[in-house]
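# Observations on chain architecture
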Amino acid sequence: MIEAMQRRGGRAGGAFNPRLTTKTRDLSGSCSLSVTDRFDFAQDELLLTVCNAAGGDVAHLQILDAHQPSASMDAFSLSPGDQVELIRTAAPYDLRLLGPDGFCRRFSGCLAEDGPVAARLKEPRRGRGLILEIVPAEDAWFCVNDETGLCPTRRYRLSAGAPLRLRLPVLPDGAYDLTVSRLGGAFSRRFAGRLASQDPLRSCG
């Protein structure tokens, strides 16, 4: 199970333990979510920070840990302006975070096997779309697959510490669904969601 969670922002801080549920939550609504991941090398842990920006709706989310015996799912909510930190051992890990409007993030891999590799989405300075950045920990091949079919599946050989930045389109309704994986390794990330026409950062972190 997720080992520790902390809420900050619109409400007072403190321990936050989401209710375990086997039901499907209503994941509709309009909110602005971002997710960042990082590693704590001393503790061999993966840390996910989930933020719901101020000015939107309450975000109802679910997180599934595939390495738990029962493949259990936690459900929790974030008010506008709140954030929560999820902590999970990084050897190995396989987490899926589901949110409103098709929002999905999947984090899987093994820190000992892959090293501190990173893959993130960024906001383009101009125009509509997404910028995918991959930062390898060592020389390796990576595969980028666009599940929407807008771009063909491509492979890239990257050198350690040399980031790759790709400009990628989204569907007319703002939908996107991208998977990044390391060939011959355990590292994989999935980014899916929908951009709002007025806010290119929505569901983009």
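Summary of the structure given here. Computed from a predicted model, the values in this text were never measured in an experiment.

### A word on the sheet that holds strand β11 (residues 130–135)
Read across the sheet, three strands follow the order β10-β11-β14 without closing on themselves; strand pairing throughout is antiparallel. Two strands in the sheet have a free side with no partner beyond their single neighbour: β10 (118–122) and β14 (164–168). Each neighbouring strand pair of the sheet contributes to a mean axis angle of 20°, computed without reference to strand direction.

### With respect to the pattern of salt bridges
With the rule as written, the count across this model stands at eleven salt bridges. Salt-bridge contacts for E138 lead to R182; the nearest nitrogen and oxygen are separated by 2.6 Å. Within this pair, whereas E138 is found in the loop between β11 and β12 (140–146), its partner R182 is found in strand β15 (residues 175–182), the two being separated by 44 residues in sequence. One salt bridge in this structure joins R194 and D173, with 2.6 Å as the shortest N-O distance. Residue R194 is located in strand β16 (residues 188–194), and its partner D173 is located in the loop between β14 and β15; the two are separated by 21 residues in the primary sequence. You can call R194 partly exposed: its relative accessible area is 26%. Relative accessible area serves as the criterion here: at 43%, D173 is assigned to the partly exposed category. One network of salt bridges, with partners in common, ties together D101, D173 and R194.

### Some thoughts on the pairing of strand β5 (residues 59–65)
Counted residue by residue, β5 has six buried out of seven residues, so it is predominantly covered. Both β5 and strand β8 (residues 93–98) contribute to a ladder of four bridges, which runs antiparallel. Paired with D65 across the two strands is L95, which belongs to β8.

### Re the packing of aromatic side chains
Enumeration according to the criterion identifies three aromatic pairs in this entry. Both rings, one in F142 and one in F187, keep their centres 6.4 Å apart while their planes meet at 80°; by these two values the pair is edge-to-face. Separated by 45 residues along the polypeptide, F142 in strand β12 and F187 in the loop between β15 and β16 bring together distant segments of the chain. Of the aromatic side chains, those joined through ring pairs into one cluster are F39, F41 and Y93.

What counts and what doesn't
Residues numbered from 1 in each chain as written. Predicted model: local features only at pLDDT ≥ 70, side-chain atom pairs only at ≥ 80, totals over all residues. Heavy atoms only, no water. Pairing = 2+ DSSP bridges. Helix = DSSP H or I, 4+ residues; strand = E, 2+ residues; numbered from the N terminus. Axes fitted to C-alpha atoms, helices over the stretch in contact; angles between N-to-C directions. Salt bridge = Lys/Arg side-chain N within 4 Å of Asp/Glu carboxyl O. Buried < 20%, exposed > 50% of the residue type's maximum accessible area, 1.4 Å probe, protein only. Phe/Tyr/Trp six-rings, centres within 6.5 Å; stacked < 30°, edge-to-face > 60°.

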